[in-house]
Amino acid sequence: MTTPNPSKARRALAIGLLAAGLLPWAAAQAQSAFPSRPVRIIVGFPAGTGPDIVARLLAQKLSENWGGMGVIVDNKPGAGGLIAASEAARATPDGYTLMLGETGQLSIAPSSYNKLPYDPVKDFIPVSQVVSADFALLVNPQKVPAKNVKEFVDWTKQQKGLFMATFGAGTPGHFGAFMFGEAIGIKPEPVHYKSTGDALGGLFSGDVQGVFASVGLAAPQVKAGKLAALGTTGPARAGLLPDVPTIKEQGFSTLEFTSWFGIVAPAKTPADIVARLSADVQKAVRSPEGKQKMEDAGFRVTGTTGDEFARIIRADTVTWGKAVAATGFKAD
């Protein structure tokens, strides 16, 4: 039987205690060193769209806060954002590939698709909801003689049907139009367009009577007098359209819906990296400059924690799921 060496035992114990003491320090060092190379933000929609604008504003501010470290916005449009989400879900979980997720990808798709190529809950870790976006009910004043929602409803009841443009099947604007129809007691007929320009073209031609467009997109058209905004869908009036009352203000108390964009990371991304990213995203969008730029683009800054964002995703999955179920819509 070998007799233990007291001095070796003491050295082993000392080394063990030292290592244990260094673990928090090592973790802090790893976190403070992040990022050490450019970070990529995948966006599932084309350049110039709402998600792209938010991602680029955020990327610019993050890069500044990270000492000029590059932040690359990588547009992967197609299939309503599913292509981007699938790629982001398979990315290495090291914090260097993120996705700017939106309502459709994370809260609507689980109900509108029988089978998704990714799992919004299992494949992603919520980092921070960046902004929310209200919608405006737009009409062509040359075709629709209405100055508010009630006048629009009264006029619509005299027509052969309510045709509402959407920027694509399965989008918030699509199901928002359905919820609007429920609120006013008229079942709308959605007309799905492939692009924003095509949908607005339908309004100008009179092929459709209305569309729910993001406030950021709507404001220039309204201020130029080309289209009229009858109401907005948020909890309060939109900053870019302060003179336009919400639809709730106009007596339709049940109608409130918004879209949102937020950063998610692939599942299994280390908790310390997620915490660092969440803090940095919140700092970027809540800074006076970052907040102002987002608001100027028509968004309401939220800058939530990861836990808050997770709760929003879960709640909206239920809310939008009910709308999807009521329409019977399936994208596949």
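See the structure above.
This section reports on the structure supplied with the text. Quick caveat, the model's predicted, so the values are computed rather than measured.

**Structural notes on the overall build of the protein**
For step 1, the next point in the chain: Scanning the protein from terminus to terminus reveals 11 helices and 10 strands.
For step 2, the next point in the chain: For the protein, the spread of C-alpha atoms along the principal axes amounts to about 100 × 40 × 35 Å.
For step 3, the next point in the chain: When the 332 residues of the protein are sorted by exposure, 49% land in the buried category.
For step 4, the next point in the chain: Of all intrachain contacts in the protein linking residues separated by at least 6 positions in sequence, the fraction that spans at least 24 positions is 78%.

**Considerations on the environment of Leu116**
For step 1, the next point in the chain: Positionally, Leu116 belongs in the loop between helix H4 (103-112) and strand E4 (124-139).
For step 2, the next point in the chain: For the pair Leu116 and Thr269, spaced 153 residues apart in sequence, the C-alpha separation works out to 22 Å.
For step 3, the next point in the chain: Beyond its immediate stretch of four places on either side in the chain, Leu116 contacts Leu82, Ala109 and Pro110.

**Thoughts on helix H11 (residues 306-327)**
For step 1, the next point in the chain: Between its first and last C-alpha atoms H11 spans 31 Å; for 22 residues at 1.5 Å apiece the expected length is 32 Å, and the two agree.
For step 2, the next point in the chain: Taken as a whole, H11 has its buried residues at Gly306, Phe309, Ala310, Ile313, Asp316, Trp320, Gly321, Ala323 and Val324. Axial view of H11: buried residues confined to an arc of 165 degrees, hence all on one face. Away from its buried face, by an angle of more than 90 degrees, H11 presents the exposed residues Asp307, Arg314, Lys322 and Ala325.
For step 3, the next point in the chain: In this structure, the buried residues of H11 make contact with H4, E4, helix H6 (172-184), strand E9 (258-266) and helix H9 (271-286).

**Quick word on the side chain of Thr232**
For step 1, the next point in the chain: Turning to its location among the elements, Thr232 is positioned in strand E8 (residues 228-232).
For step 2, the next point in the chain: The exposure class of Thr232 is buried, given its relative accessible area of 0%.

**Concerning the nonpolar core**
For step 1, the next point in the chain: The biggest cluster of nonpolar side chains holds 31 residues, and the ones touching the most others in it are Val54, Leu58, Leu100, Val130, Val131, Ile263 and Met294.
For step 2, the next point in the chain: Counting only elements with at least two residues in this core, the list comes to strand E1 (39-43), helix H2 (50-65), strand E2 (71-75), strand E3 (97-102), E4, E9 and H9.
For step 3, the next point in the chain: Per-element accounting of this core gives the leading share, 6 residues, to H9.
For step 4, the next point in the chain: Beyond its immediate stretch of four places on either side in the chain, Met294 contacts Val54, Leu57, Leu58, Val130, Val131, Val285, Phe299 and Val301.
For step 5, the next point in the chain: Ranked by size, the runner-up nonpolar core spans 29 residues in total, among them Ala146, Val149, Phe175 and Val324.

Calculation notes
- Residues numbered from 1 in each chain as written.
- Predicted model: local features only at pLDDT ≥ 70, side-chain atom pairs only at ≥ 80, totals over all residues.
- Heavy atoms only, no water.
- Helix = DSSP H or I, 4+ residues; strand = E, 2+ residues; numbered from the N terminus.
- Buried < 20%, exposed > 50% of the residue type's maximum accessible area, 1.4 Å probe, protein only.
- Contact = heavy atoms within 4.5 Å.
- Expected span 1.5 Å × (residues − 1).
- Arc of directions from axis to C-beta.
- Core = buried A, V, L, I, M, F, W, Y, C linked by side-chain atoms within 4.5 Å.

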